[in-house]
Amino acid sequence: MSRRRPERSGGAAVLVEGLARAKLDALLVTALPNIRYLAGFTGSNGALLVGRNGNTLFTDPRYEIQANAEANCKVRVVRGPLLKAVAATIRARKLRRIGFERNRISYESFDSLSVFAGPATRLIPVTGWIEDLRMLKSAAEIDAIRRSAATNSLAFEAALSRVRIGMSEMDLAAEIDFRMRRAGAESPAFETIVASGARSALPHARPGANPILKDRLLLVDMGANQAGYCSDMTRMAFPGSPPRKIRRMYDAVLEAQMAAVHAVKDGVTAGEVDAAARKVLRSYGLDGAFVHSTGHGLGLEIHESPRLGRGDKTPLRAGMVVTIEPGVYFEGTGGIRIEDTVLVTATGCEILTPTTKDLRVL
Ligand code: ZN
Ligand code: ZN
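It should be emphasised that the depicted structure is a prediction, and the values quoted were computed from it without experimental measurement.

So, how was this worked out
- Residues numbered from 1 in each chain as written.
- Chains lettered and ligands numbered in written order.
- Predicted model: local features only at pLDDT ≥ 70, side-chain atom pairs only at ≥ 80, totals over all residues.
- Heavy atoms only, no water.
- Helix = DSSP H or I, 4+ residues; strand = E, 2+ residues; numbered from the N terminus.
- Donors = N, O, S within 2.8 Å, 3.2 Å for Na, K, Ca; no water.
- Tetrahedral: all angles 85-135°; square planar, octahedral: opposite > 155°, others 65-115°.
- Buried < 20%, exposed > 50% of the residue type's maximum accessible area, 1.4 Å probe, protein only.
- 1 Å grid on protein atoms, 1.4 Å probe; cavity = no way out; pocket = protein on both sides within 12 Å on 5 of 7 lines; lining within 4 Å.
- Points joined across faces, edges and corners; volume = space filled by probe spheres on them.
- Nonpolar A, V, L, I, M, F, W, Y, C, P; charged D, E, K, R; others polar.
- Axes fitted to C-alpha atoms, helices over the stretch in contact; angles between N-to-C directions.
- Parallel < 35°, antiparallel > 145°, perpendicular 65-115°, else oblique.
- Left-handed = near helix turned anticlockwise from the far one by under 90°.
- Contact = heavy atoms within 4.5 Å.
- Phe/Tyr/Trp six-rings, centres within 6.5 Å; stacked < 30°, edge-to-face > 60°.

(A) The arrangement of unusual backbone geometry in detail. Here the bond from Ser305 into Pro306 is cis, since omega is -5°, no more than 30 degrees from zero. Its place among the elements puts Pro306 in strand β14 (residues 304–308). We note that Lys23 has phi near 55°; this positive angle belongs to a residue other than glycine. By the element assignment, Lys23 lies in the loop between α1 (11–21) and β1 (26–29). Phi is positive for Ala227, close to 50°, though the residue is something other than glycine. Here Ala227 lies in the loop between β10 (224–226) and β11 (229–230).

This is the structure:
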């Protein structure tokens, strides 16, 4: 199967500079999304040694054909533990200082790497090098996320037209996942959330056998994974006629969401966007019910940097893609969240989610 490989935005050169600055001979990349980002390899077992003069991908024989077709670097197919082969290469090339992804490697893997590499090798922990590069999307990556968002919205409309009172949350989640794949996604980007009534007060509710009820809130949070890239959207529906109290709460969350969307711009900090949403909810006395951050980056993974949380100082940059998703939650009653995927631009942002933000009365 041939896959489109989104081009990188100068990541390789930046990494080589980083190696030199940190006086590292190489960086061992073990996180699969980071390997995919740097080398194009989409398999489930790999290790990438990023050197000053090029990269080497290590994988096992199951992935030989795929790795040779996908990877943009040298491929070594090995039998047995990958890290043993990585360590042998480190020793053979007389590399002394090797960076490793401290938050992306298990203790067991780290332990065997140090044993295999031997006492002459120093293992230096690094954090977020590739994640930082991944925050800024290339034109091809933005295109992939845009298509993923469009697919997600198509699937949402198709599934929403099939909602019936009494069907289970799980039935609707299955319908959504089916529609998503039919519309072009490889898979859902995360476990689809469908929550009816009081269960919508659980921000990460798992769909279950609970029926979709009349005159109760219905929350759907879904994302597509298309060509490896994620989208993320939350919409609210209401089977029946929404009471004034629900309408008012919905309008407050929508106003907060729009305020945060309008705050997004190159140079503005993630925390300032979060504050814009919080300020609106505070004016309605609802800020205490907003129990999570306003959004997150997304791309190859559903949750990436930056985090749009309280006081976060990370400046947003044109080319970042983030979600804007304030919500309010009341135990026993339910929750309301509205979420778009947006692209940060020099002058503001572009909403990549084409679905209307009206409360969908069914
Ligand atoms: Zn979501
Ligand atoms: Zn999200």
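(B) Here's a closer look at the coordination of the zinc ion (ligand 2). Only Asp232 (OD), His296 (NE2), Glu325 (OE) and Glu339 (OE) from the protein coordinate the zinc ion (ligand 2), and they sit 2.1 to 2.2 Å from it. Relative to the metal, the four donor atoms surrounding the zinc ion (ligand 2) lie at angles of 78 to 152°, and the coordination shape comes out irregular. Site description for the zinc ion (ligand 2): donor spacing in sequence, D-x63-H-x28-E-x13-E. Distance-wise, the zinc ion (ligand 1) is placed 3.2 Å from the zinc ion (ligand 2), both being coordinated by Asp232. Placement of the pair is Asp232 in the loop between β11 and β12 (233–238) and His296 in strand β13 (residues 295–297), with a sequence separation of 64 residues. As far as the burial class goes, Asp232 and His296 line up, both buried.

(C) Representation of the coordination of the zinc ion (ligand 1). Distances from the zinc ion (ligand 1) to its protein donors, Asp221 (OD), Asp221 (OD), Asp232 (OD) and Glu339 (OE), fall at 2.1 to 2.6 Å. All donors of the zinc ion (ligand 1) belong to a single chain; written as a sequence motif, their spacing is D-x10-D-x106-E.

(D) Focus on empty space enclosed by the protein. A full pass over the atoms with the stated rule returns one cavity of 30 Å³ or more. Taken as a whole, the largest cavity spans an internal volume of roughly 40 Å³. As for the largest cavity, its lining consists of Glu101, Asn103, Val126, Thr127, Gly128, Trp129, Ile130 and Glu131. The biggest single contributor to the lining of the largest cavity is helix α6 (residues 129–135), with three residues. Tallied by class, residues from the lining of the largest cavity come to three nonpolar, three polar and two charged.

(E) Layout of the packing of helix α7 (residues 139–160) against helix α8 (residues 169–182). As a packed pair, α7 and α8 sit with axes 8 Å apart at the nearest point and diverge in direction by 135°. Between α7 and α8, the crossing angle belongs to the class labelled oblique. Of the two elements, α7 crosses α8, and the hand of that crossing is right-handed. Contact residues: α7 offers Thr151, Asn152, Ala155, Ala158 and Ala159, while α8 offers Leu172, Glu175, Ile176, Arg179 and Met180.

(F) Structural detail: the packing of helix α9 (residues 244–263) against helix α10 (residues 270–283). Running from N to C, α9 and α10 point in directions that differ by 155°, and their axes come no closer than 8 Å. Judged on the interaxial angle alone, α10 and α9 are roughly antiparallel. For the element pair α9 and α10, the recorded crossing hand is right-handed. Together, Ala252, Val253, Glu255, Ala256, Ala259, Ala260 and Ala263 of α9 and Val273, Ala276, Ala277, Val280 and Leu281 of α10 make up the contact between the two elements. Of the residues contributing to the contact of α9 with α10, the split by class is 11 nonpolar, no polar and one charged.

(G) View of the packing of aromatic side chains. The final tally for this structure, using the stated rule, is two aromatic pairs. Aromatic side chains Phe41 and Tyr63 sit 5.6 Å apart centroid to centroid with 85° between the ring planes, which places their arrangement in the edge-to-face category. Note that Phe41 is positioned in the loop between α2 (32–39) and β2 (47–51) and Tyr63 in the loop between β3 (54–59) and α3 (64–70), a separation of 22 residues in sequence. The exposure classification of Phe41 matches that of Tyr63, with both residues buried. On the numbers, 4.9 Å between centres and 40° between planes, the contact of Phe100 with Phe110 is tilted. With Phe100 in strand β5 (residues 97–101) and Phe110 in helix α5 (residues 107–117), the pair connects residues that are 10 residues apart, well separated along the chain. For Phe110, a relative accessible area of 25% gives the class partly exposed.

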